[in-house]
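# Results of the structural survey
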Amino acid sequence: MNYILMFIFVLVGLFCNVSFHIQAANTMVTAEKHTYTIYSDGMPADAVVLVAGKEFRNLNAQNGQTIVAEILTESDIQVQVGEGYTAKVMLDNANYQINVIFIDDSESAFDPATAPLACANLLYAKPGAPFRHKLIANEGLTVTDVDFGCISTLSLREDRFNIGNKYKYVAGTAPEAEGEYAYTVNLKDAEGQQKQAIVRLIVSDFLQSPTPMMAWLTWNWFARSISHSKMVEIAKGMEKHGLVDAGFRMIVLDDAWANETQDKSQLNYDAAKFPYGIAGLKKAFQDINPRLKLGIYSDAGTMTCEYYQPGSFGFEAQHINLFNSWGVDMLKYDYCNSEASTRISYSRMGKVIEALNNQRREAHSIPFVFNICEWGSSQPWLWGAEAGGSSWRATADVREDWIGNSSRPGVIAATDEVRRLWMYGGVNRFNDLDMMCIGLHGLGGPSNNTVSNQENGGAIIGLTPTQARTQMSLWCMFSSPLSLTCDLRETPMGEANSEVTMPDPLITDDDIATLTNPEIIALNQDILGQQAEYMEALSTGTTDYEGKGYDVYVKDLADGSFAVAVVNRSDNEQSSISLPLHELYMQAGRTYLCHDVWSKASFEVKDTLATGTLSPCETRVFTLKLKK
């Protein structure tokens, strides 16, 4: 009997073992594979990314390369990069995306915490203009006083030291005479030891961009598919829809305007795309409206991000002279395929543009504008002004999405990246939130590459009218450059979405009303140049990249009034919020004239501002002025 039982157990064991191996084999055969898309921010020219043993080079943030593989782990991804760079790998198995961020060590070695001030220390102003500098001391330090030297028009204010974001600030008017000035901020630590910070103030009537640039860029609609005729039709659309009158006057050719070559010395326009040359395109713009200006794109590396045309590193003067000879007024300068650190790369170009602007001033021309585009990886708010820029991208490329994340930001993620950088903004030094997606309606090209893993050209929902107004509100409150990229032609066509039927017209009345609202634009163009402060103590949406709670912002305006924005981050209705005015730097017990920028309603408030119910994703913006 025992032998029979043993025989049965052996048979069962053999059967189970065979069954197990069959199941394992089937699992191996049928294991699901996925298409991963691989992107990169700031990939140096000599870097290599290996994914499951396959090499990838020349990656960029726009058109990712792909690999088909089973679920990957971080150990499946290796990065080979030369001396001087550190690579950070972000693996997203939920959306099958890999993002590799390269940071040059010369930037990461700089610790801003070792400086006394955690705020801007190079400021700009026009002669006699209102001026404000918010002095944020690093942890453990306190501002005691400021030695203004020969500057008699500024003083140290302490009325915010115990409320709101708790800081002292410099206020008044800039000197009337042009020139470079300096003042000394004195600080002490907990032990009473003294420290000093020297602040430079450049007063000039010839600043690159005293208020944020307002522009139209080619990339998110046309990608590589640009031409003279298309740009002329865009310019006509800008004029027709009142965008030029509203202030949008710079049209910028992004990547792929040039002839395809890797020889930097041979950089020139693509004659097939631009048969009348870039100078001919500028003339065509000005025939439509003489206020229109022309911007162009290049890269601080071997090649541009699309690996389409040569970069400008090492050929800065030659390329800027070429652009200037064509009548170009602005440069967007990217950082793909880099050859040197960000500070070296951008400072080299900045010095060339400074020399050009000295010539332009003597010739009574307009300033040439320098926009730094390195996506915030090496904290350009710390060095961008010193490198010669008047604005710098502080985010990755923004997508047509509500939330997003740090590598594919939508409206909320983009502002989350920048909302704690308000102390680094100011006149002629703006944190750039990238192109707005208003008017794309889910039909753009690169902007469709959202966190939800849509490929370039794939249809997405796009922003609702309410979400679009929120994007416009926040970009204006943050004093970001305002860059459009939607199709404004009489007959819209899906350039990056060629197989999709386009609505006609694509641009809606809601879009135009949002983009041309003079009151919201006035906040962006306010001559005090302040980025709105994020009031974290009054906000409930304190966690980045989540659609929960609400955010509160306050922006100082040149006439002494304030703008307050309240953002409903969620897709649920938000009941009315009561905000104490004294915590927003306004006076208790005083009456303020309050105006709703979007609804146009006006009313008086005292001590408390009630927002009213906020719809899903809605932002209410109020201006408040002390009643006399």
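Residues numbered from 1 in each chain as written. Predicted model: local features only at pLDDT ≥ 70, side-chain atom pairs only at ≥ 80, totals over all residues. Heavy atoms only, no water.

## Considerations on the pattern of salt bridges
Inspection of every chain in the model, using the stated rule, returns 36 salt bridges. A salt bridge links K625 to D559; its shortest N-O distance comes to 3.9 Å. Residue K625 is located in strand β30 (residues 619–626), and its partner D559 is located in the loop between β24 (550–556) and β25 (562–568); the two are separated by 66 residues in the primary sequence. Residue K625 is classed as partly exposed on the basis of its relative accessible area of 44%. Shared partners join several salt bridges into a network, and the residues in it are D416, R419, R420, E536, D544, D551 and R569. (Salt bridge = Lys/Arg side-chain N within 4 Å of Asp/Glu carboxyl O. Helix = DSSP H or I, 4+ residues; strand = E, 2+ residues; numbered from the N terminus. Buried < 20%, exposed > 50% of the residue type's maximum accessible area, 1.4 Å probe, protein only.)

## Remarks on the sheet that holds strand β2 (residues 48–51)
Strand order across the open sheet formed by three strands is β3-β2-β5, with antiparallel pairing between neighbours. The strands lining the two open edges of the sheet, one partner per strand, are β3 (54–56) and β5 (77–80). This sheet shows a mean twist of 25° between the axes of neighbouring strands, independent of strand direction. Across three bridges, β2 lies against β3 in antiparallel orientation. Each residue of the ladder has a partner; that of L50, found in β3, is E55. (Pairing = 2+ DSSP bridges. Axes fitted to C-alpha atoms, helices over the stretch in contact; angles between N-to-C directions.)

## Points about the packing of helix α9 (residues 411–418) against helix α10 (residues 465–477)
Relative orientation of the contacting elements α9 and α10 amounts to 15°, with a least axis distance of 10 Å. Classified by the interaxial angle, the pair formed by α9 and α10 is roughly parallel. Crossing angle aside, the handedness with which α9 passes α10 is left-handed. Contacts from V411, A414 and T415 of α9 reach α10 at T470, Q471, L474 and W475. In terms of residue class, the contact of α9 with α10 is made up of four nonpolar, three polar and no charged. (Parallel < 35°, antiparallel > 145°, perpendicular 65-115°, else oblique. Left-handed = near helix turned anticlockwise from the far one by under 90°. Contact = heavy atoms within 4.5 Å. Nonpolar A, V, L, I, M, F, W, Y, C, P; charged D, E, K, R; others polar.)

## Quick word on the confidence of the model for the protein
A residue-level look at the protein finds 92% of positions with pLDDT of 70 or above and a mean pLDDT of 91. Confidence drops under a pLDDT of 50 for residues 1–28, and excluding neighbours within four residues, the segment shows zero contacts in the predicted structure. (pLDDT = per-residue confidence, 0-100.)

## What to know about the pairing of strand β27 (residues 591–596)
Relative to strand β28 (residues 602–606), β27 runs antiparallel, the two being bridged by five bridges. Following the sheet pairing, H595 is matched in β28 by S602. What sits between β27 and β28 in their antiparallel hairpin is a turn of five residues, with K600 showing a positive phi close to 75°.

## Thoughts on the packing of helix α7 (residues 316–325) against helix α8 (residues 342–362)
Contact pair α7 / α8: the axes reach a minimum separation of 9 Å and the direction vectors enclose 40°. Compared by their axis directions, α7 and α8 come out oblique. For the pair α7 and α8, the crossing hand works out as right-handed. On the side of α7, the interface is formed by E316, A317, I320 and N324, while α8 contributes R348, M349, V352, I353, L356 and R360. Residue classes in the contact of α7 with α8 are distributed as six nonpolar, one polar and three charged.

## Digging into α9
Taken across its eight residues, α9 has seven buried, putting it largely inside the fold. Every buried residue of α9 is listed here: V411, I412, A413, A414, T415, D416 and V418. Looking at the buried positions of α9, the neighbouring elements they touch are β21 (430–432), α10, β24 and β25.

## Comments concerning the environment of K264
For K264, the location among the structural elements is in the loop between β16 (250–252) and α6 (277–288). If we ignore the near neighbours within four places in the chain, the residues touching K264 are G301, T302, P310, G311, F313, F315, Q318, H319 and E339.

## Let's talk about α8
The periodicity of an α-helix, 3.6 residues per turn, causes residues three or four places apart in sequence to face the same way. Taking 1.5 Å of rise per residue, the 21 residues of α8 would be expected to cover 30 Å, and the 30 Å separating its terminal C-alpha atoms lies within 8% of that figure. Looking only at α8, the buried set comprises T342, S345, Y346, M349, G350, V352, I353, L356, N357 and R360. Looking one or two residues beyond α8, the residue adopting positive phi is H364, at roughly 60°. (Expected span 1.5 Å × (residues − 1).)

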